[in-house]
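Letter by letter, the chains look like this.
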Amino acid sequence: LQDRARQLMDLIAQDRGLTRDQLEDRIVPDLGLEADGSRTLDFGPRRFRIVFESDLSPTVADESGKVLKDMPKPGAKDDAARAGEAAEFWKAFKKQWREALKIQLTRLEQAMVTGRTWPRDEWQTLLAQHPLMQHLVRRLVWQQGETLFRVDAQGRPVSHEGTVVTLVPSEPIRVAHQLHLSEGQLQSWRAALLAAEVVTPFEQLDRRVFMATANEGTALPVPQEPIAGVTLRSKLEDRGWRRLMHDQGGITGFSKVFPQAGVTAVVFTQDTLVIGMVDETPNGIEEGFFVAGINHPYGSCSDEFTVNLARIPTVQVDPVAYSETVRELMDLAPRGKQ
């Protein structure tokens, strides 16, 4: 069902002349939030506004601006119908917010990992001004060319010093990656976020990174420990890896494209994962490597294709693509063994 859903999403994107990522940008729900990213909950004589904590957990503020731990129960003086409607919305919103947050944070982190960029106008409309996405955008450091910036509470792009920066209409914008920043920039931005009490929703400037060494040749470091088949498959697919399969339908490996770097990472499993029978049976990664290009086949009958392709020495691979690939592979290992 998940595979079929992915196929249908790809077909819809193609029909609209969009990439899959562009389509997903356009179907992010607003969850009933208003343009400023908030929402008034009306009890009649009392009103509350939805606000968000530093960890993005939702709560409410009363009309004086005092932030409450949770929305209070309706009282005798409140309008019963309005308060009941507000209470129902709040209950549903909290659940929907958790689900949407998980999906959208994964998308933004993977955009950083793969080097995805947005045209400035699309970034402004679909991210910085979107009722939901603006809350995530304001907790990250962004990059346009050589310019690093964040978005402040007023929706303005600002430098680490807090001065407003001008975004160039013709230059794309990306989520800044730690490896693209100098040590001085890292220190400045860490200090700026701390001073602004901004907590990034995923590891951005204090990320575990890996550097290629000449003695690796073309072989990627892979975890040596046994990994349950279901863990291996689910963790990789959650991070955008795609199945390599033989003609009988078994999964023999996975691949992940890095469009900005122009390479594809490939891993082969020690044992074939049989569709419908992937469980806690120990498995593992047999080998990993990079090949040039991003349009290689995947899915059924694709497992033999990459075997015959020239493998790229790891020191020649884009540092972000290399580091993030190794990071995701090492994260497959059981806790305490990474």
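The preceding data block contains the structure.
Per chain, the residues get numbers from 1 upward, laid out in the order the sequence is written. At least 70 in pLDDT is required for a residue's local features to be given in this predicted model, at least 80 for side-chain atom pairs to be given and counted, and no such filter applies to totals for whole chains, interfaces and linings, which use all residues. Only hydrogens and water are removed before side-chain values are computed, so all heavy atoms of the structure are retained for them.

Caption draft 1: The sheet that holds strand β6 (residues 142-144), seen in detail. Sheet architecture is open: 5 strands sit in the order β5-β9-β6-β7-β8, paired in antiparallel fashion. The sheet terminates laterally at β5 (117-118) and β8 (157-158), the two strands that pair on one side only. When DSSP locates at least two bridges between a pair of strands, those strands are taken to pair. Starting at the N terminus, helices and strands are each numbered in turn, a helix being any DSSP run of H or I of at least four residues and a strand any DSSP run of E of at least two. In this structure, β6 lies alongside strand β7 (residues 147-151), joined through 3 bridges in antiparallel fashion. Residue pairing for β7: Gln143 is matched across the bridge by Leu148. Contact definition: two residues touch when any of their heavy atoms are within 4.5 Å. The axes used here are C-alpha line fits, helices contributing only the stretch in contact, and every angle between their N-to-C directions lies in the interval 0 to 180 degrees. Packing of helix α6 (residues 183-195) onto the sheet brings it into contact with β7 and β8, and relative to β7 it is tilted by some 10°.

Caption draft 2: Inspection of the pairing of strand β13 (residues 263-273) at higher detail. Among the 11 residues in β13, 8 count as buried, and that is most of the element. The sheet contact formed by strand β12 (residues 251-258) and β13 spans 7 bridges and is antiparallel. Within β13, the position partnered with Ile251 by the bridge is Leu273. Where β12 hands over to β13, the hairpin turn is made up of 4 residues, of which Gly262 adopts a positive phi near 70°. Bridge analysis of β13 against strand β15 (residues 285-292) gives 7 bridges, and the strand direction is antiparallel. The partner of Val267 across the bridge, within β15, is Gly288. Only protein chains enter the accessibility calculation, which uses a 1.4 Å probe. A residue is then buried if its area is under 20% of the maximum for its type, exposed if over 50%, and partly exposed in between.

Caption draft 3: Highlighting the environment of Asp25. Turning to its location among the elements, Asp25 is positioned in helix α2 (residues 20-26). Spatially, the C-alpha atom of Asp25 lies 6.4 Å from that of Leu126, the residues being 101 residues apart in sequence. Not counting chain neighbours up to four residues away, the residues in contact with Asp25 comprise Arg107, Arg116, Trp118 and Leu126. Engagement of the side chain of Asp25 in a polar contact is seen with the side chain of Arg107, the distance being 2.6 Å. Each polar contact in these results corresponds to two N or O atoms within 3.5 Å; when the atoms are within protein, one needs to be able to donate a hydrogen and the other to accept it, and residues that are neighboring in sequence are counted only if both atoms are side-chain atoms. In this structure the side chain of Asp25 is engaged in a polar contact, spanning 2.9 Å, whose partner is the side chain of Trp118.

Caption draft 4: Summary view of helix α8 (residues 319-330). A helix is expected to reach a length of 1.5 Å times the quantity of its residues less one. Here α8 is 12 residues long and its end C-alpha atoms lie 16 Å apart, about the 16 Å a rise of 1.5 Å per residue gives. Among the 12 residues that make up α8, 11 are buried, leaving the element largely enclosed by the rest of the structure. For α8, the elements touching its buried residues are α3 (80-114), α7 (229-238), β12, β13 and β15. By the N-cap criterion, in which a side-chain oxygen at the helix start approaches the backbone nitrogen of a residue two or three places on, α8 is capped by Asp318, the distance to Val320 being 3.0 Å.

Caption draft 5: Here's a closer look at the side chain of Gln144. With respect to the helices, strands and loops of the structure, Gln144 is situated in strand β6. A polar atom in the side chain of Gln144 sits 2.8 Å from the backbone oxygen of Glu171.

Caption draft 6: Summary view of the environment of Gln185. Tracing the sequence through the fold places Gln185 in helix α6. The exposure class of Gln185 is partly exposed, given its relative accessible area of 30%. Along the backbone, Gln185 and Leu101 are 84 residues apart, and their C-alpha atoms lie at a distance of 28 Å. Once residues within four sequence positions are removed from consideration, Gln185 is found in contact with Leu148 and His180.

Caption draft 7: Broad picture of the nonpolar core. We call a set of buried Ala, Val, Leu, Ile, Met, Phe, Trp, Tyr and Cys residues a nonpolar core when their side-chain atoms join them within 4.5 Å. Phe93, Trp97, Trp123 and Trp142 are the most contacted members of the largest nonpolar core, which totals 41 residues. Sorting the residues of this core by element identifies β2 (47-52), α3, α4 (120-128), α5 (133-137), β7 and β9 (173-175) as the ones contributing at least two each. A total of 12 residues in this core trace back to one element, the largest contributor, which is α3. Excluding residues within four positions of it along the chain, Trp123 makes contact with Trp118, Ala128, Val137, Trp142, Phe149, Val151, Leu167 and Ile173. Formed by 26 residues, the second largest nonpolar core is a distinct cluster that contains Leu232, Ile312, Ala321 and Met330.

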